[in-house]
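Chain by chain, the residues:
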Amino acid sequence: MLRINDIIDKAQTYLPPEDLEMIKKAYIYSAAVHQGQVRLSGEPYLTHPMEVAGILTDMKMDTAAIISGLLHDTIEDTLTTTEQLEKEFGKDVAFLVGGLTKLSRISFGSQEERQSENFRKMILAMSDDIRILLVRLADRLHNMRTLKYHPQEKRFYIAKETMDIYAPLANRLGINWMRMELEDLSFQYIAPDAYNELFAKVAKSYEARNRYTQEVKRIIYNVLKKNSVKCKVEGRAKHLYSIYKKMHEQHINFDEIYDLIAFRIILDSDQEKSCYEVLSMMHALWKPVPGRFKDYIAMPKANHYQSLHTTVIGPYGERVEIQIRTEKMHEWAEKGIAAHWRYKEGLNGYKDREDNEIKKLREVMEIQNEIKDPKEFMANLRLALFPDEVYVFTPHGDVKSFPRGATPIDFAYSIHTDVGNQCIGAKVNKSIVPLKYKLQNGETVEIITQAGHHPSKDWLKYAVTTRAISKIRNWINLEEKKNSLALGRDLLEKEFRRHNLKFSNFVKSDEINKVFDEYSVNGLDELISQVGMGRLSAKRVVNSFLAGETVSVEEPATNKIKKRKTASPSMGVSIVGAEDMDDVLINFAKCCNPIPGDEILGYISRGRGIIVHTNNCPYIKRTNKERIVNIEWNVREENTYPVHIRIVCDDIKGVLTEVSSIISSFDINISYAQVETTDMVAICNFIIDINNLNQLNQVLAAIRQLKFVKSIERLRHF
């Protein structure tokens, strides 16, 4: 376990004595409030904030950040308040810890919604103070180091979240060592078999690689010394995930990877030209591999990384990757924003590159704020955090960077929204190209516009930047909303006339608010729009209005089920003790989606008859107990019920086909199928039409037998 003296010993190398006393005070405070709490490993909880503070000290963060690391869980996990922290440690620490407090006390509708809201809050808070994100990254790093104590399924989802979001965030901020460790730790739990196999292969060749590394380092150092170049030469093995990723992307075996070792030449000189001089020496020493030279000094990466990269044919015909950089470039490459952290007079002081990075991340967040759907938010955030860049020029010679695969549409929206919306074509190097053309490094791009022109839905197939995708969707959504409002109003007016009613009377009635609640809409325009887009039928809205009109408030709850001549059948459900339910309106709850075989309860709703829930549905536990009735399955004829299943499996060719064929072999209809993939896994979501629980269990058991399936579960919501 890390001791407070270890942290103080590191901190005193760059912090004044009075700050060290505040760190000791924070340690004593954290130990007191976390007393008696233990981690899943069985260790005292204090070990976690201590390790987080230790990571921040290694990063040479300021006093407030280190104290925040010691106290980051106090508001969430103890009785400590923000006011108490402000009184004891000042406004700065209270602000940082408040920004770090997790959202676990807030109830969200789904895991994806919880995740998206966590990242929304984290990035919003980070835009005010980058230290919030740096402490959060340190917190996640230690949690990943101790992930083995979590249940297996939880380990997978935490690791996947880390790979998708936290590792790219570390990369975006230039903290290279943290990114590599987070990737390797995530890789270990996302694909344990692949990780263990690769680990064993790398370990087996360790001695031979170590001898080769020492030989190449000696040759490089001697050549540079002969030319009076003062430098350090390092040789390090590439981390496991980068090797695996290369094997996966290039479809090659481990034995076919020749550049497992990267060599770095770190120059004492701060002159950029010295890097190019050393590059020429390396190319004179060994033959360069064509197409394997990258100049990140002239054109830095999005996270401000600078270095020259070249691959040469080294000793014994082996390919050798060499990186050449100055000491300052190296410090930034390894530590990123944390390397240049400054804190003056209670304000955050950043160098130009920090300002630019925060500005970019803030722009990402502003775009994300326009997105309400959690799935879309997380997809766009992942896209924004993986900038595999290409660099192109404007007609005036300015350089713009885009994710690889970007098109003229992305270029147009980077200039201005109106330029993007009115784009009709593009010229690349003075030649006209289609809008789906993928931009290449060094090209000059010019956009052709036409007033009154509008985006097409097809543009979403070609745009890759979050800004372009967001602006196109905004325009399409606005247009669809206009059209859906007109169509929805027309459909509703016709349906109300069919019942000899006026839609305008419905709008003015008290019942309209109940209908808003029933369909979870925010107002009349949204209700009309939902009807116009086909997500809600005009007939259902009218029926809800009629049901609300006929319910008597003086009746007891158990008599409020209104019988109708046009009511839907009971769908195989009956009230315990009741003889007839043929005319009772039955609906199945979307929050838990029960099927025959599940234990169920009924909830008597206003206007929708009985809503069938599973016994363990969280919603039914929060409802008025007087409205709950005992019901049971009474299936007289075969019906089908939608069931959502999620399958996590290896990302290999033919996954969807093989799973679908098993489902079809049971004569089961698939009404929805979707596959999301990462570098290592595929997550398959299906909605299938099931007769009963027994049939569902048979299907799940059959799918579970497939070798590539890691886990399978039934989800209670769609």
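Throughout this document, residue positions are counted from 1 along each chain, in the order its sequence is written. Note on the predicted model: pLDDT of at least 70 is required for a residue's local features to be given, and 80 or more for side-chain atom pairs to be given and counted; whole-chain, interface and lining totals, by contrast, use all residues. Only hydrogens and water are removed before side-chain values are computed, so all heavy atoms of the structure are retained for them.

Salt bridge criterion: a side-chain nitrogen from Lys or Arg within 4 Å of a carboxyl oxygen from Asp or Glu. Within this structure, the stated rule accounts for 19 salt bridges. Here Glu88 ties to Lys25 by a salt bridge, and the two come within 3.3 Å at their closest N and O atoms. Taken together, the residues span a long stretch of sequence, with Glu88 in helix H6 (residues 82–89) and Lys25 in helix H2 (residues 17–33) at a distance of 63 residues. Taking the shortest distance from any N to any O, the salt bridge between Lys238 and Glu321 comes out at 3.0 Å. The helix count covers DSSP runs of H or I at least four residues long, the strand count covers runs of E at least two residues long, and both are numbered beginning at the N terminus.

Moving on to the packing of helix H3 (residues 47–58) against helix H4 (residues 63–71). Interaxial angle, 0 to 180 degrees, is taken between N-to-C directions of lines fitted to C-alpha atoms, where a helix line uses only the stretch in contact. Between H3 and H4, the shortest axis-to-axis distance is 7 Å and the interhelical angle comes to 160°. Between H3 and H4, the angle is such that the two are roughly antiparallel. For the pair H3 and H4, the crossing hand works out as right-handed. Mapping the contact onto sequence places Pro49, Met50, Val52, Ala53, Leu56 and Thr57 in H3 and Ala65, Ile66, Gly69 and Leu70 in H4. The class makeup of the residues in the contact of H3 with H4 is 8 nonpolar, 2 polar and no charged. Angles are sorted into four bins: roughly parallel if under 35 degrees, roughly antiparallel if over 145, roughly perpendicular if 65 to 115, and oblique for all others. Take the far helix as the reference: if the near one is turned anticlockwise from it by less than a right angle, the crossing is left-handed, and if turned clockwise, right-handed. In what follows, residue pairs with any heavy atoms lying within 4.5 Å of each other are defined as contacts. In the scheme used here, Gly and all other residues not listed as nonpolar or charged are polar, with Ala, Val, Leu, Ile, Met, Phe, Trp, Tyr, Cys and Pro taken as nonpolar and Asp, Glu, Lys and Arg as charged.

Now for the packing of H6 against helix H7 (residues 91–100). Here H6 crosses H7 at 145°, and the two axes come no closer than 7 Å. H6 and H7 meet at a crossing whose hand is right-handed. Along its contact with H6, which presents Thr82, Leu85, Glu86 and Phe89, the element H7 presents Lys91, Val93, Ala94 and Val97. Residues that form the contact of H6 with H7 fall into these classes: 5 nonpolar, 1 polar and 2 charged.

Let us look at helix H9 (residues 130–145). Because each turn of an α-helix spans 3.6 residues, side chains separated by three or four positions in sequence point in the same direction. The terminal C-alpha atoms of H9, which comprises 16 residues, lie 23 Å apart, in line with the 22 Å expected from a rise of 1.5 Å per residue. Burial classes: relative accessible area under 20% of the type maximum marks a residue as buried, over 50% as exposed, and values in between as partly exposed (1.4 Å probe, protein chains only). For H9, the buried fraction is high: 15 of the 16 residues fall into the buried class. A helix is expected to span 1.5 Å multiplied by its residue count minus one.

Another point: the packing of aromatic side chains. Ring pairs shown here join Phe, Tyr and Trp side chains whose ring centres sit within 6.5 Å, with only the six-membered ring taken for Trp; geometry is labelled stacked below 30 degrees between planes, edge-to-face above 60, and tilted in between. Under the definition given, this model contains 15 aromatic pairs. Each ring, one from Phe187 and one from Tyr195, has its centre 5.4 Å from the other, and the planes form 80°; the classification is edge-to-face. Each member of the pair, Phe187 as well as Tyr195, carries the same accessibility label: buried. These aromatic residues form a ring-pair network of at least three members: Phe187, Tyr195, Phe199, Tyr241 and Tyr244. It is Lys25 that lies over the ring of Phe89; its NZ or CZ is 5.3 Å from the centre. Any Lys NZ or Arg CZ found within 6 Å of a ring centre and within 35 degrees of that ring's normal is scored as a charge over the ring.

A few words now on the confidence of the model for the chain. Mean pLDDT over the chain works out to 80, with 82% of the residues at or above the 70 mark. pLDDT is a per-residue confidence score from the predictor, ranging from 0 to 100. The least confident element of the chain is strand S7 (residues 342–344), whose mean pLDDT is 36; the most confident is H3, at 94. Note that pLDDT drops below 50 for residues 102–110; the model gives that stretch 21 contacts with residues more than four away or on any other chain. For residues 549–570, every residue scores under 50 in pLDDT, and the model assigns this stretch 33 contacts once sequence neighbours within four places are set aside.

Time to look at the environment of Thr311. Along the chain, Thr311 falls in strand S5 (residues 308–313). Overall, Thr311 belongs to the buried group, its relative accessible area being 2%. Along the primary structure Thr311 and Arg292 are separated by 19 residues, whereas in three dimensions their C-alpha atoms are 5.6 Å apart. Setting aside chain neighbours within four positions, we find Thr311 in contact with Pro288, Val289, Arg292, Arg319, Val320 and Glu321.

A few words on the pairing of strand S16 (residues 600–604). With 5 of its 5 residues buried, S16 lies for the most part within the structure. Residues Ile600, Gly602 and Ile604 point to one face of S16 and Leu601 and Tyr603 to the other, with burial holding for every one of them. The pairing criterion for strands is at least two bridges between them, as found by DSSP. Two elements, S16 and strand S17 (residues 610–614), share 5 bridges in a ladder whose sense is antiparallel. Pairing of Tyr603 across the sheet is with Ile611, part of S17.

Moving on, we come to the environment of Arg145. Mapped onto the fold, Arg145 is located in helix H9. Sequence spacing of Arg145 and Leu182 is 37 residues, and the spatial spacing of their C-alpha atoms is 8.8 Å. Setting aside residues up to four positions removed in sequence, Arg145 forms contacts with Ile55, Trp177, Glu181 and Leu185.

In this section: the state of the cysteines. A pair of cysteine sulfur atoms is labelled a disulfide when the two atoms are within 2.5 Å. In this structure the tally under the stated criterion is 0 disulfides. The thiol of Cys684 is not disulfide-bonded; the next cysteine sulfur, from Cys649, is found 4.0 Å away.

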